[in-house]
Amino acid sequence: LINDPEVVFLDELTTGLDPQSRRTIWDLVRDIRRRGKTVFLTTHLMEEAERLCDRVAIIDQGRIVDMDTPDGLIRRHCPERTVVLATDDPVAADRFRRIPTVASVTADNGRLTIHGTGEDLVTAVIHCLSDERIHVTDFRTVLPTLEDVFLKVTGHSIRD
């Protein structure tokens, strides 16, 4: 970095670092990018790629199998969404099952897990909560990550 290069290659930059050091390095990479430099980052840490990269190439067995923005890869390969909420409403699960984009609703001791597809799933669940006046004591969304994409595109098991 001393010579102020236009292109910087960084290979497994944060492997083995504690979270505090890793975030400091991420800030350094962001600063390099803000200065208009091109950064090629090789990493096995999907969170790192998701947070730092404008474009990601997924490489499997030496070949690029897909390339796009992190959000683009996630949208294309993992349209699934999950909403987890807590309610004591006995008919809430049936109400959520009526949402067209809901694939399944499971109940476990007052906690509902709603699986579906599409970017509008969370909005549809919120509208249902409002329209049906369902009282909730906890609400969270579980969105797919670049790691989910990597596993889906390359396979879930370790290969020879």
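Quick summary incoming for the structure in this document. (Residues numbered from 1 in each chain as written. Predicted model: local features only at pLDDT ≥ 70, side-chain atom pairs only at ≥ 80, totals over all residues. Heavy atoms only, no water.)

1. Quick word on the overall build of the protein chain
So, point 1. Within the protein chain one finds six helices and eight strands.
So, point 2. Reading the helices (α) and strands (β) of the protein chain from amino to carboxyl end gives β-α-β-α-β-β-α-β-α-β-β-α-β-α.
So, point 3. Computed over C-alpha atoms, the radius of gyration of the protein chain comes to 20 Å, more than 25% over the 15 Å expected from 2.2 N^0.38 for 160 residues, which places it beyond the range of a compact globule.
So, point 4. When the backbone C-alpha atoms are referred to their principal axes, the protein chain occupies close to 65 × 35 × 25 Å.
So, point 5. Out of the 160 residues in the protein chain, the part that is buried amounts to 33%. (Helix = DSSP H or I, 4+ residues; strand = E, 2+ residues; numbered from the N terminus. Rg over C-alpha atoms; globule rule 2.2 N^0.38 Å. Buried < 20%, exposed > 50% of the residue type's maximum accessible area, 1.4 Å probe, protein only.)

2. Here's the deal with the packing of aromatic side chains
So, point 1. Within the structure shown, the criterion is met by one aromatic pair.
So, point 2. Taking 5.0 Å as the distance between ring centres and 10° as the angle between the ring planes, the aromatic pair formed by Phe9 and Phe40 counts as stacked. In this pair, Phe9 sits in strand E1 (residues 7-11) while Phe40 sits in strand E2 (residues 38-42), placing the two residues 31 residues apart along the sequence. (Phe/Tyr/Trp six-rings, centres within 6.5 Å; stacked < 30°, edge-to-face > 60°.)

3. A look at the environment of Phe9
So, point 1. We classify Phe9 as exposed; its relative accessible area is 64%.
So, point 2. Once the C-alpha coordinates of Phe9 and Thr38 are considered, the two residues, 29 residues apart in sequence, prove to be 8.6 Å apart.

4. With respect to the pattern of salt bridges
So, point 1. Under the criterion given, the structure shown has 15 salt bridges.
So, point 2. For Lys37, the salt bridge goes to Glu6, with nearest N and O atoms at 3.2 Å. In this pair, Lys37 sits in the loop between helix H1 (19-34) and E2 while Glu6 sits in the segment before E1, placing the two residues 31 residues apart along the sequence.
So, point 3. Judged by its relative accessible area of 12%, Lys37 is buried.
So, point 4. On the basis of relative accessible area, Glu6 is assigned to the exposed category, the value being 52%.
So, point 5. Asp94 is the salt-bridge partner of Arg97, the closest N and O atoms lying 3.1 Å from each other. Remark: Asp94 and Arg97 occur in helix H4 (residues 92-97); sequence separation between them is three residues, near one turn of the helix.
So, point 6. Residue Arg97 is classed as partly exposed on the basis of its relative accessible area, which comes to 44%.
So, point 7. Through salt bridges with shared partners, one network takes in Asp4, Glu6, Asp31, Arg35 and Lys37. (Salt bridge = Lys/Arg side-chain N within 4 Å of Asp/Glu carboxyl O.)

5. Digging into the nonpolar core
So, point 1. Counting residues in each nonpolar core, the largest one holds 17 residues, and the members touching the most others are Leu52, Cys53, Val56, Leu73, Leu146 and Val149.
So, point 2. Of all the secondary structure elements, the ones that give two or more residues to this core are E1, H1, helix H2 (46-52), strand E3 (56-60), helix H3 (70-77) and helix H6 (146-154).
So, point 3. Ignoring anything within four residues of it in the chain, the contact list for Leu146 reads Met46, Ala49, Glu50, Val56, Pro70, Leu73 and Ile74.
So, point 4. With 16 residues, the next largest nonpolar core counts Ala92, Ala93, Val105 and Ile134 among its residues. (Core = buried A, V, L, I, M, F, W, Y, C linked by side-chain atoms within 4.5 Å. Contact = heavy atoms within 4.5 Å.)

6. Regarding the environment of Pro144
So, point 1. Mapped onto the elements, Pro144 comes out in the loop between strand E8 (138-142) and H6.
So, point 2. Setting aside residues up to four positions removed in sequence, Pro144 forms contacts with Ile74, Cys78, Glu80 and Arg81.

7. Here's the deal with the side chain of Asp66
So, point 1. On the secondary structure map, Asp66 appears in strand E4 (residues 63-68).
So, point 2. Judged by its relative accessible area of 14%, Asp66 falls in the buried class.
So, point 3. Looking at Asp66, its side chain comes within polar contact range of the side chain of His77, at 2.5 Å.
So, point 4. In this structure, Asp66 is in contact with Val56, Ala57, Ile58, Leu73, Arg76 and His77, ignoring residues within four places of it in sequence. (Polar contact = N/O pair within 3.5 Å; in protein donor to acceptor, adjacent residues only side chain to side chain.)

8. Describing H1
So, point 1. Its 16 residues place the ends of H1 22 Å apart at the C-alpha level, agreeing with the 22 Å of an ideal helix rising 1.5 Å per residue.
So, point 2. Residues of H1 that are buried sit in contact with E1, E2 and H2.
So, point 3. The N-terminus of H1 is capped by Asp18, whose side-chain oxygen sits 3.0 Å from the backbone nitrogen of Gln20. (Expected span 1.5 Å × (residues − 1).)

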